[in-house]
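Here is how the chains run, residue by residue.
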Amino acid sequence: MIKVNFSADIDKNKINSILEEIKNDKMGGWMELPKKYDMGEFVRIKEAAKKINEDSEYLVCIGIGGSYLGHRAIIEALRPKSETEIIYAGNSLSKRELEWALEKLGDHDFSINVISKSGTTIEPAIAFEVFKKKLIEKYGAEEASKRIYATTDAKQGALHDEAVQNNYTKFVVPDNIGGRYSVLTAVGLLPMAVAGVDVDKLLEGAAEAMETAVEPAINYAWMRYALDTKKYDTEIFASFEPSTMYFNEWLKQLFGESEGKDKRGILPDSVIYSTDLHSMGQYIQDGRRNLFETIIDFPTDDLNKKIVAAVRIAHAEGEIPVLNINVPSFDEKGFGELTYFFELACAVSAKLIGVNPFDQPGVEIYKKELRKLLDQSL
C-alpha cells in the first residue's frame, strides 16, 4: 500500500465534489478502469504479445506523448526479460533517430505497434510510413499487414480506417481516456506485455490502489495545492533509482499537461539521486526558495537508504518542503499502484486550482503552426 509521510487539513466536501466531477467527466474513464477492463481485449493483447515474441526480434513502437511515455516508463524501470526488444519511434522529427532505428533493425524480423487515436499526429504518422515501407519491402504487403498492430480509435479516424482496410490487428484507445492517463489501456499494455512486463500483476496493483491509494493521493494533491498558494510553484520529483528516469518524464507530462493552463499550475521537474546531487543539487539546496520536493521512495539497499536520509536532512536545513511517497514494492504491482496513485492525485490537483485536467489546448497550438509550415514547404 502506498503511504505518504504527511496529512493535510482537507475540505472533505470539496474533495467529494471533485471526485464526483472526475468520475462523471467524459474523460474520466481511467478512474474505474482497473476493475472494469474489457477482459476480452485483455486476452487478445496477451495473445498478440505472444505472437510478436514468437515471430519478431524487435517491436517498433510508434507514438508520442501519452502514446508512449507511460509504458516506456514502466518498461525502462522494471527492465523485464523478453525475446523481443522494443524500439521507440515517432516521438520526434529527428532524422538521426529515424536512421538509427532503421539501422538497428537491419534485416532482423520485426513488427510494428502504431499508437495514435487519430492517426494524423505528424511525428508518428511520418515514422509509421517509413517503417511500414520497410516492413512491406521485407515481407510483402499481405504478410506486412499481419505484423502491424494499430492501437487507435474504436470507430473512426485515419489510422482506424487504414487498419480496417488492411486488416491490421486493432486495439482500442478508449474515447473516455486521454493519452497521459492511458498507461493501463491497450496503449500501454501491449508493448509492456511484449517487453515481458507481467500485465496481470500491473492491473492487480492498480485495482488495489482504487481502494488503498485514494486517501494518500488526496492528501498529496491537497498538500501540493497548499504549497502552491504559498508561492511554491516548482515541484522536483526525486527518485533514487536510475532506471526510473522515464517514469519521471511521464510525471512531468502528466502534471504539466494537466495543470499548466490559464497561467496556472506547478512547474514539474525531476532529478535522479545521487547523480543529480552533483549537478542540480546545488540549486535545489541553495537556489530560489520557490520549490518543493516530492521523493518517490522505493524499497532499496542500506547504502541508498542513507543517501535518502541525508537528502531529507540537508533539504530540510535548506528550507525545502519535502513530501515523501513510499512505494511498497519495485515490481509490476508496485508500479500499478503508483500509476493509479499519480493519475488520481494529478486530476484532483488540477481541479483544486480550477483547470480541466483532461485537455491540452496549448499543445494544439503548436500542432496547428507546424501543419502550416509543412503545408508551405510542399
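Residues numbered from 1 in each chain as written. Predicted model: local features only at pLDDT ≥ 70, side-chain atom pairs only at ≥ 80, totals over all residues. Heavy atoms only, no water.

1. Some remarks on helix H3 (residues 39–55)
Right, on to step 1. For H3, spanning 17 residues, the distance from its first C-alpha to its last is 25 Å, which sits close to the expected 24 Å at 1.5 Å a residue.
Right, on to step 2. Glu41, Phe42, Ile45, Ala48, Ala49, Ile52 and Asp55 are the residues of H3 that are buried. End-on view of H3: buried residues confined to an arc of 165°, all on one side of the axis. Projecting away from the buried face of H3 at angles above 90 degrees are the exposed residues Glu47, Lys50 and Glu54.
Right, on to step 3. Against the buried residues of H3 lie strand E2 (58–62), strand E4 (110–115), strand E5 (148–152), strand E6 (169–172), helix H9 (186–195) and helix H10 (199–212).
Right, on to step 4. The opening residue of H3, the one whose side-chain oxygen lies 3.0 Å from the backbone nitrogen of Gly40, is Asp38. (Helix = DSSP H or I, 4+ residues; strand = E, 2+ residues; numbered from the N terminus. Expected span 1.5 Å × (residues − 1). Buried < 20%, exposed > 50% of the residue type's maximum accessible area, 1.4 Å probe, protein only. Arc of directions from axis to C-beta. Contact = heavy atoms within 4.5 Å. Polar contact = N/O pair within 3.5 Å; in protein donor to acceptor, adjacent residues only side chain to side chain.)

2. Points about the environment of Asp301
Right, on to step 1. Examined against the element boundaries, Asp301 turns out to sit in the loop between strand E9 (291–297) and helix H14 (302–317).
Right, on to step 2. Looking at Asp301, the relative accessible area reads 44%, which means it is partly exposed.
Right, on to step 3. Along the backbone, Asp301 and Ala144 are 157 residues apart, and their C-alpha atoms lie at a distance of 47 Å.
Right, on to step 4. Within the local environment of Asp301, its side chain forms a polar contact with the backbone nitrogen of Leu303, the two atoms lying 3.1 Å apart.
Right, on to step 5. For Asp301, the side chain forms a polar contact with the main-chain nitrogen of Asn304, separated by 3.0 Å.

3. Describing the pattern of salt bridges
Right, on to step 1. The tally for this structure, following the rule as stated, stands at 25 salt bridges.
Right, on to step 2. For the salt bridge of Asp55 with Lys51, the shortest nitrogen-to-oxygen distance reads 2.8 Å. With a gap of four residues between them, Asp55 and Lys51 both fall in helix H3, about one helical turn apart.
Right, on to step 3. Assessed through its relative accessible area of 32%, Lys51 is described here as partly exposed. (Salt bridge = Lys/Arg side-chain N within 4 Å of Asp/Glu carboxyl O.)

4. Topic: the layout of surface pockets
Right, on to step 1. Considering only enclosed or pocket space, the largest pocket measures out at about 760 Å³ in volume.
Right, on to step 2. Contributions of two or more residues to the lining of the largest pocket are made by helix H6 (122–139), helix H12 (245–259) and helix H16 (361–377).
Right, on to step 3. Ranked by the residues each element gives to the lining of the largest pocket, the list is headed by H16, at five residues.
Right, on to step 4. Its residues assigned to classes, the lining of the largest pocket shows 13 nonpolar, twelve polar and nine charged. (1 Å grid on protein atoms, 1.4 Å probe; cavity = no way out; pocket = protein on both sides within 12 Å on 5 of 7 lines; lining within 4 Å. Points joined across faces, edges and corners; volume = space filled by probe spheres on them. Nonpolar A, V, L, I, M, F, W, Y, C, P; charged D, E, K, R; others polar.)

5. What to know about unusual backbone geometry
Right, on to step 1. Cis geometry marks the peptide bond from Tyr273 to Ser274, where omega comes out at 10°.
Right, on to step 2. For Ser274, the location among the structural elements is in the loop between strand E8 (267–272) and helix H13 (281–286).
Right, on to step 3. Even without a glycine there, the phi angle at Asp262 is positive, about 55°.
Right, on to step 4. With respect to the secondary-structure elements, Asp262 resides in the loop between H12 and E8.

6. Describing the packing of helix H4 (residues 69–78) against helix H15 (residues 332–353)
Between two packed helices, both the angle of their axes relative to each other and the distance between the axes serve to describe the pair.
Right, on to step 1. Close contact between H4 and H15 brings their axes to 11 Å; oriented N to C, the two are set at 150°. Regarding H4 and H15, the two cross each other, and that crossing is right-handed. Residues Ile74, Ala77 and Leu78 of H4 form the contact with H15, whose own contacting residues are Glu332, Phe335 and Thr339.
Right, on to step 2. Taken together, the residues of the contact of H4 with H15 break down into four nonpolar, one polar and one charged. (Axes fitted to C-alpha atoms, helices over the stretch in contact; angles between N-to-C directions. Left-handed = near helix turned anticlockwise from the far one by under 90°.)

7. Some thoughts on the pairing of E2
Right, on to step 1. Counted residue by residue, E2 has five buried out of five residues, so it is predominantly covered.
Right, on to step 2. Burial along E2 is two-sided: the residues Tyr58, Val60 and Ile62 and Leu59 and Cys61 are all buried.
Right, on to step 3. Both E2 and strand E3 (residues 85–89) contribute to a ladder of five bridges, which runs parallel. Note on E3: the bridge partner recorded for Leu59 is Ile86.
Right, on to step 4. Traced from E2 through H4 to E3, the parallel crossover comes out right-handed.
Right, on to step 5. Where E2 and E4 come together, five bridges link them in parallel fashion. When the bridges of E4 are listed, Tyr58 appears paired with Phe110. (Pairing = 2+ DSSP bridges. Right-handed = clockwise from strand over helix to strand, strands pointing away.)

8. Thoughts on empty space enclosed by the protein
Remark: the empty space left among the atoms is shown by a probe the size of a water molecule rolled over them.
Right, on to step 1. In this structure the tally under the stated criterion is two cavities of 30 Å³ or more.
Right, on to step 2. Reported here for the largest cavity is a volume of approximately 50 Å³.
Right, on to step 3. Lining the largest cavity we find Phe240, Glu241, Ile296, Asp297, Phe298, Thr300, Asn304 and Val308.
Right, on to step 4. If you list the elements that add at least two residues to the lining of the largest cavity, you get E9 and H14.
Right, on to step 5. A volume near 30 Å³ is recorded for the second largest cavity.
Right, on to step 6. In terms of lining residues, the second largest cavity is bounded by Thr121, Ile122, Glu123, Tyr366, Lys367, Leu370 and Arg371.
Right, on to step 7. Residue assignment for the lining of the second largest cavity shows that the elements contributing at least two residues are H6 and H16.
Right, on to step 8. For the lining of the second largest cavity, the element with the most residues is H16, which contributes four residues.
Right, on to step 9. Of the residues assigned to the lining of the second largest cavity, the class counts are three nonpolar, one polar and three charged.

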